[in-house]
Amino acid sequence: MPRAAAVIDLAAAHHNLGVMAARAGDAELMAVVKAEGYGHGMIPLARVAREAGVTWLGVALPSEALELRAAGDTGRILAWLWAAGDPDIAACVAADVDLSVSSMAALEEIAAAAKAQSKRARVHLKVDTGLSRNGVPESDWASVLAALAANEDLEVVAIWSHLSSADVIGTTSVADQRQVFERAIALAESAGLSGLLRHLGNTATVLAYPDCQYDIVRVGIGMYGVSPNPQMGTAADLGLRPVMTLRVNLAGIKRIEAGVSVSYGETWTASEPTLIGLIPIGYADGVPRSASNRAHVSVNGRTYPIVGTVAMDQFMVDLGSNPDGLQVGDTVTLFGRDSDPVEVWAEHADTIGYEVITRIAPRVPRIYES
Ligand SMILES: *Cc1c(COP(=O)(O)O)cnc(C)c1O
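Rules and cut-offs
- Residues numbered from 1 in each chain as written.
- Predicted model: local features only at pLDDT ≥ 70, side-chain atom pairs only at ≥ 80, totals over all residues.
- Heavy atoms only, no water.
- Phe/Tyr/Trp six-rings, centres within 6.5 Å; stacked < 30°, edge-to-face > 60°.
- Helix = DSSP H or I, 4+ residues; strand = E, 2+ residues; numbered from the N terminus.
- Buried < 20%, exposed > 50% of the residue type's maximum accessible area, 1.4 Å probe, protein only.
- Lys NZ or Arg CZ within 6 Å of the ring centre and 35° of its normal.
- Near = heavy atom within 4 Å.
- Polar contact = N/O pair within 3.5 Å; in protein donor to acceptor, adjacent residues only side chain to side chain.
- Areas by Shrake-Rupley, 256 points an atom, 1.4 Å probe, with all protein chains shown as cover.
- 1 Å grid on protein atoms, 1.4 Å probe; cavity = no way out; pocket = protein on both sides within 12 Å on 5 of 7 lines; lining within 4 Å.
- Sits in = over half its atoms within 2 Å of the grid points.
- Nonpolar A, V, L, I, M, F, W, Y, C, P; charged D, E, K, R; others polar.
- Pairing = 2+ DSSP bridges.
- Axes fitted to C-alpha atoms, helices over the stretch in contact; angles between N-to-C directions.
- Contact = heavy atoms within 4.5 Å.

Another aspect to go through is the packing of aromatic side chains. Applying the stated criterion to the full structure yields four aromatic pairs. Between the aromatic rings of Trp 80 and Trp 160, the centroid separation amounts to 5.5 Å while the plane-to-plane angle is 50 degrees, which identifies the pairing as tilted. Pair noted here: Trp 80 is in the loop between strand 4 (76-79) and helix 5 (89-94) and Trp 160 is in strand 7 (residues 154-160), with a separation of 80 residues, a long-range link. Judged by centre distance (5.1 Å) and plane angle (85 degrees), the rings of Phe 181 and Tyr 214 are edge-to-face. Residue Phe 181 is located in helix 8 (residues 173-190), and its partner Tyr 214 is located in the loop between helix 9 (203-208) and strand 9 (216-219); the two are separated by 33 residues in the primary sequence. The residues Phe 181 and Tyr 214 share a single accessibility class, namely buried. An aromatic cluster is built from Tyr 38, Tyr 224 and Tyr 354, whose rings are joined through pairwise contacts. The residue whose ring lies beneath Lys 126 is Trp 160, and the NZ or CZ to ring-centre distance is 4.4 Å.

Okay, here's the thing in structure tokens:
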């Protein structure tokens, strides 16, 4: 094994998509593979999704959609986040990528690209229902709908939105946003746009709000075997299997005496003689520095706490005085299979599993297991 590797269990991703599909009822899945498949590798994960029968892929950026096309994906793909003048819009129209429309300017830009190619571009109207991120605000719905209905260069195939708090237990915002979404759908129909596909939900929505699944659900985190919020159920409770396991070779073992400090800033000092293990991965690899002195690693079912601050390329763990035959070169697991789920690591780092997996850096090789 190299210094460190993110082992990617493709069979687990396939399994997780089956779990999500079973919970999604009649809704089709859109597998969300943006941000390099949440750090797992976009192309391999997209391939697994297609093998699992997933009809839609979702990405944030037009460039991500084009990468999927370049890799040979010929199915439906939606790209939803782009700014005016994005150089990839025309190529997306040419490559039959569905594009999201969040403003009149976006509508005009796609329509111009379509006209120049003498073809119709497929678009999904994004309405803001309360997240206040991208999406057409309610005050502009009527004008944008009228423009969409009148434009010959565009084929409007869907209306969609995104929930702010489907993973927050006890929120009333989901019901509120659903109502706003229903209002947008009704207005679209009265503008002559009927029979549109409707999509609103992400992973947490599939798990908690069957009435918000509509025609398509956009599933990201669940596919990767991570719970959107462990209070809604851990990944194991939900029947999901971790896809990424972060492994590292134990690079050194060293005895230190009582009173000796470890790592930058002397944030931890040995209270008795102990053995310190050197773990050659750091914040440049995506290990959160905020996990310093809080998270732990696992070897053969035993856990060892991080001591001292996480550095750019390495951190240390306290192996205790009797480290059970541990040797330099042994495989240490940070999170994933046979270890804590990434959600536990995330909690120790004051963040969410999403952030930890998506930030594992390119210099950590991905090793694919099928
Ligand atoms: C990233 C993203 C998703 C996927 O959300 P998960 O919580 O990972 O399932 C769905 N929809 C939009 C608009 C997104 O940006």
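Moving on: the site of the ligand. Taken together, 14 residues form the shell around the ligand, and within it Lys 34, Tyr 38, Thr 203, Ile 221 and Tyr 354 come nearest. Here an oxygen atom of the ligand sits 2.8 Å away from a polar atom, N or O, in the main chain of Ile 221. Tyr 354 places a polar side-chain atom, nitrogen or oxygen, 2.6 Å from an oxygen atom of the ligand. Across the complex, the protein chains shield 94% of the 390 Å² of accessible surface that the ligand would expose by itself. More than half of the atoms belonging to the ligand lie within 2 Å of the grid points that define the largest pocket. Residues belonging to the shell around the ligand are distributed by class as follows: seven nonpolar, four polar and three charged.

So, on to the sheet that holds strand 6 (residues 121-126). Pairing is parallel around the closed barrel formed by eight strands, whose spatial order is 2-3-4-5-6-7-8-9. Adjacent strand axes in the sheet meet at a mean angle of 30 degrees when their direction is disregarded. When strand 2 (residues 28-32) meets strand 3 (residues 56-59), the two strands line up parallel, connected through three bridges. Bridged to Val 32 within strand 3 is Gly 58. In this fold helix 6 (residues 104-116) packs onto strand 5 (98-101), strand 6 and strand 7, with an angle of close to 150 degrees to the strand it touches most, strand 5.

Our focus in this paragraph is the side chain of Asp 285. The residue Asp 285 is located in the loop between strand 14 (274-279) and strand 15 (296-299) in this model. Taking the relative accessible area as the measure of exposure, Asp 285 reaches 0% and is therefore buried. Among residues more than four places away in sequence, those in contact with Asp 285 are Arg 3, Met 312, Asp 313, Arg 359, Ile 360, Ala 361, Arg 363 and Val 364.

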